[in-house]
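Structural description and commentary
Residue strings, one per chain:
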Amino acid sequence: MDNCLFCKIIKGEIPSEKVYEDDDFIAFLDINPVTPGHTLVVPKQHSDNVLDTDDEILEKMAKVLKKISHAVCQGLETQSFNLHQNSGKLSGQVVPHLHWHIVPRYEDDGLKIWPGKPYLEGEEKIVAEKIREAL
Ligand code: AMP
Ligand code: ZN
């Protein structure tokens, strides 16, 4: 993927503040952090998002996310973090190369994520049925 920003970071063509690398993954600091230590975990094999990623990579990803989340929390002296992944334009995904955000959370960091609102009466049954049927 010649024009992919994260492929270029993986190849070292664009600098990054790398914190981890193995055969399949790289992790580096987000250039515009939500909180200090905001880290991106990126598979080296290009895929756009979760849906077109090999199952094998996704399985390995779980372990790597745990390992790096642990280090982020230990290094930055917190026990809380958000693990976040945007898939698709409407989700807010800006870089179309699969990546997970690890956002360490701090006392009074002021960050509010995903305000919720209740379903209308009966709506949840219709919504859940659509998902069940698709599975
Ligand atoms: P997303 O909205 O999920 O696609 O997130 C893309 C993230 O990549 C954003 O949080 C950006 O701040 C971050 N980002 C963009 N360019 C760079 C870069 N050169 N180095 C590190 N992070 C970057
Ligand atoms: Zn890429």
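You'll find the structure just up there.
On a predicted model such as this, the values are computed, not experimentally measured, just so you know.

Rules used in this analysis
Residues numbered from 1 in each chain as written. Chains lettered and ligands numbered in written order. Predicted model: local features only at pLDDT ≥ 70, side-chain atom pairs only at ≥ 80, totals over all residues. Heavy atoms only, no water. Core = buried A, V, L, I, M, F, W, Y, C linked by side-chain atoms within 4.5 Å. Buried < 20%, exposed > 50% of the residue type's maximum accessible area, 1.4 Å probe, protein only. Helix = DSSP H or I, 4+ residues; strand = E, 2+ residues; numbered from the N terminus. Contact = heavy atoms within 4.5 Å. Phe/Tyr/Trp six-rings, centres within 6.5 Å; stacked < 30°, edge-to-face > 60°.

A word on the nonpolar core. Val41, Met61, Val64, Leu65, Ile68 and Ile102 are the most contacted members of the largest nonpolar core, which has 13 residues in total. When residues of this core are traced back to their parent elements, those giving at least two are strand E2 (25-29), helix H2 (55-75) and strand E5 (100-105). Looking at this core element by element, the count peaks at six residues for H2. Contact partners of Ile68, with chain neighbours within four places excluded, come to Tyr20, Ala27, Thr39, Val41 and Ile102.

A separate point is the packing of aromatic side chains. Under the counting rule described, the total for this entry stands at one aromatic pair. A ring pair is formed by Phe6 and Phe28, whose centres lie 5.4 Å apart and whose planes are at 80 degrees; its orientation type is edge-to-face. Of this pair, Phe6 sits in helix H1 (residues 5-11) while Phe28 sits in strand E2, and the two are 22 residues apart along the sequence. Here Phe6 and Phe28 have matching classes, each one buried.

Any link to function would need more than the numbers given here.
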